[in-house]
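Remarks on the overall topology
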Amino acid sequence: MDKAAIIGVAQTKYERRKKDQIFADMVFDVTREALDDAGLTLGDIDSVVTVSNDFFDGRTISGMAVGDASGGQDKNISTVSGDGTFGAFYGLMRVLSGYQTTIVVAHYKGSEGDVKITTNGMFDNIFHRLLGIEAISAAALQANVYMSRYGIREEDFAEISVKNHGNARNNPFAQLPMKITVKDVMKSKKIADPLKLLDCSPISDGAAAIIIANEKIAARAKKKPVWIKGVAHCCEDYFLGDRDLANPVALAEAAKKAYAMAGIKNPVKEIDVAEVLEPFSYMEPLWLEGLGFCKPGEGGKLIGKGITTMGGKLPVNPSGGALSANPILVAGLARLIEATLQVRGEAGARQVKKADTALAHGFNGPCGQSHCVWIVGGKK
Amino acid sequence: MAEWLKEVKPLTLKGQIAVPYTWWVGDVGSRFMVSLRDQQKILGSKCGKCGKVYVPPRKNCGRCFVDIDEWVAVAQEGVIEAFTIVHYGYPVQPAKPPFAYALIKLEGADVGFLHLIKKNLGKIKNGLRVKAVFRKERTGQILDIDSFELI
């Protein structure tokens, strides 16, 4: 792969309800901030990728409504209707195919729609939708399979929520910085067993942007370019019943490919920090297994050993993750932005020491049907 | 936020979107639904290459990438492979919470079948056997099976 780098990033503060900003306002802000961050002007951008979903926005061809705000006029602009990590993947492909600089912008306002109705809409219209299943109840089924397969306790998942909400206190963009205990999580309102309120991400509004450039443009970026070392995505079966929900095979395949591209042989040793998309607490340990950081069933033990906490060998979600702010679609791009800030050494109070190689992860579809894994680093 | 907006209640607009769709249920889907409606039988389809029995039935095997043309009737009974008890309500749900979703491996099938359990929620465990309960009035849709019950 030709060399390409992330040279500009921006994100809004994530909030339950942004009353003063419409979609385009948020996109305009992050586009301008990402350009400033990169030290570029709009004239340097020759390709635009927007990330949005028509059903979430209540608008047909939702990307077109933020074309002006993302600087897309007179440019090649296209939309990815999926997680931001997949939008960034498309942005990278455009740079590799000859565009010099692509800006990728993602937006979402959970406050304006109904996430249960919209995520019910991702299930099969003939066999599944009438059952009323949506993202939360599907996730609860996955958590149930994962627990019963390996004898995991609800308290083990609660630890993830405690860690990530605690980490969010160091992240000025996070929506729910909280100092909570395992007991708080355990006694929070039951949602869908085994998930309780504090095992679930909040409804969020927000936007984010990232600028990906070729080597030539990266050389004149204002900040240290963060190089894309490896990236891959992989998808598995659509129907939940066709999958082994406790074994994220698509993630394992994506990770294997991304590691091979980046020359990573021992991920726990060679990766300094990871940002993974975990809108539900149980997802973090399950994804860590898929990423090959530990053996199947042992994802929950990494936190107990202090490996994934701040100061550990491999801090996971120093930002507080999606549990602390979950603007759907934007949330994966936020993971990549956080990874970028870590490699730059610009992550402020959530900075991991000597972070030179970072992993970012996002997924699409119920229970992580399709995963995207990024490895970024400071060395060209 | 703009200062003046803090002093007032920001304006909102209610959307008027209600997009009607009429989906064709398709070749295998129709046969499956008609079988539920008229015979109270659950049909699957068996891939001639890998031998996997899919319920609901599929027209093709995505893994083998071949057409499937063999029909098999699977049992109305099976084993719970995963479940969750839902405590929240929203308009699309077909039952009043609490109720459960379960992935059920029906006897004769090789994949999990997603459906509802409405009774004896406190007794549900993975590995327990359940049986389909059909509605009296059936119209040719997935909810012609009302739910599954513990045996």
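Residues numbered from 1 in each chain as written. Chains lettered and ligands numbered in written order. Predicted model: local features only at pLDDT ≥ 70, side-chain atom pairs only at ≥ 80, totals over all residues.

**A word on the sheet that holds strand β2 (residues 53-54) of chain B**
All names here are of chain B. Pairing is antiparallel in the open sheet, where three strands are placed in the order β2-β1-β5. With one partner strand each, in any of the chains shown, β2 and β5 (70-74) form the two edges of the open sheet. For strand β1 (residues 42-46) and β2, the ladder comprises two bridges, and the chain directions are antiparallel. By the bridge assignment for β2, Ser 45 is matched with Tyr 54. (Pairing = 2+ DSSP bridges. Helix = DSSP H or I, 4+ residues; strand = E, 2+ residues; numbered from the N terminus.)

**Remarks on the interface of chain B and chain A**
Facing the 34 residues of chain B at the interface are 29 residues of chain A. Of all the elements in the fold, those that place two or more residues in the side of chain B that touches chain A are β6 (77-86), β7 (99-106) and β8 (113-117) of chain B. At five residues, β6 of chain B tops the list of elements feeding residues into the side of chain B that touches chain A. Looking at the side of chain B that touches chain A, its residues break down into 24 nonpolar, 10 polar and no charged. (Contact = placed C-beta atoms within 7 Å. Nonpolar A, V, L, I, M, F, W, Y, C, P; charged D, E, K, R; others polar.)

**Some details on helix α6 (residues 154-167) of chain A**
Residue and element names in this part refer to chain A. Taking 1.5 Å of rise per residue, the 14 residues of α6 would be expected to cover 20 Å, and the 20 Å separating its terminal C-alpha atoms lies within 8% of that figure. Within α6, 11 of the 14 residues are buried, leaving the element largely enclosed by the surrounding structure. Where α6 is buried, its residues touch α7 (182-186), α11 (283-290) and α12 (301-304). (Expected span 1.5 Å × (residues − 1). Buried ≥ 20, exposed ≤ 12 C-beta atoms within 10 Å, placed from the backbone.)

**As for the sheet that holds strand β9 (residues 273-275) of chain A**
The strands making up a sheet associate through hydrogen bonds between their backbones, and the pairing can be parallel or antiparallel. Residue and element names in this part refer to chain A. Here we have nine strands laid out as an open sheet, ordered β3-β2-β4-β7-β1-β8-β11-β10-β9, and mixed in their pairing. Each edge of the sheet is formed by a strand with only one pairing partner; in this case those strands are β3 (76-80) and β9. The sheet shows a mean angle of 25° between the axes of neighbouring strands, taken without regard to direction. The sheet contact formed by strand β2 (residues 47-51) and strand β4 (residues 101-109) spans five bridges and is parallel. Within β4, the residue paired with Thr 50 across the bridge is Val 105. Lying over the sheet, helix α9 (residues 249-262) contacts β8 (226-235) and β11 (370-377), oriented at roughly 150° with respect to β8. Each of β1 (4-11), β2, β4, β7 (205-214), β8, β9, β10 (357-364) and β11 is contacted by helix α13 (residues 330-344), which is oriented at about 180° to β10, the strand it contacts most. (Axes fitted to C-alpha atoms, helices over the stretch in contact; angles between N-to-C directions.)

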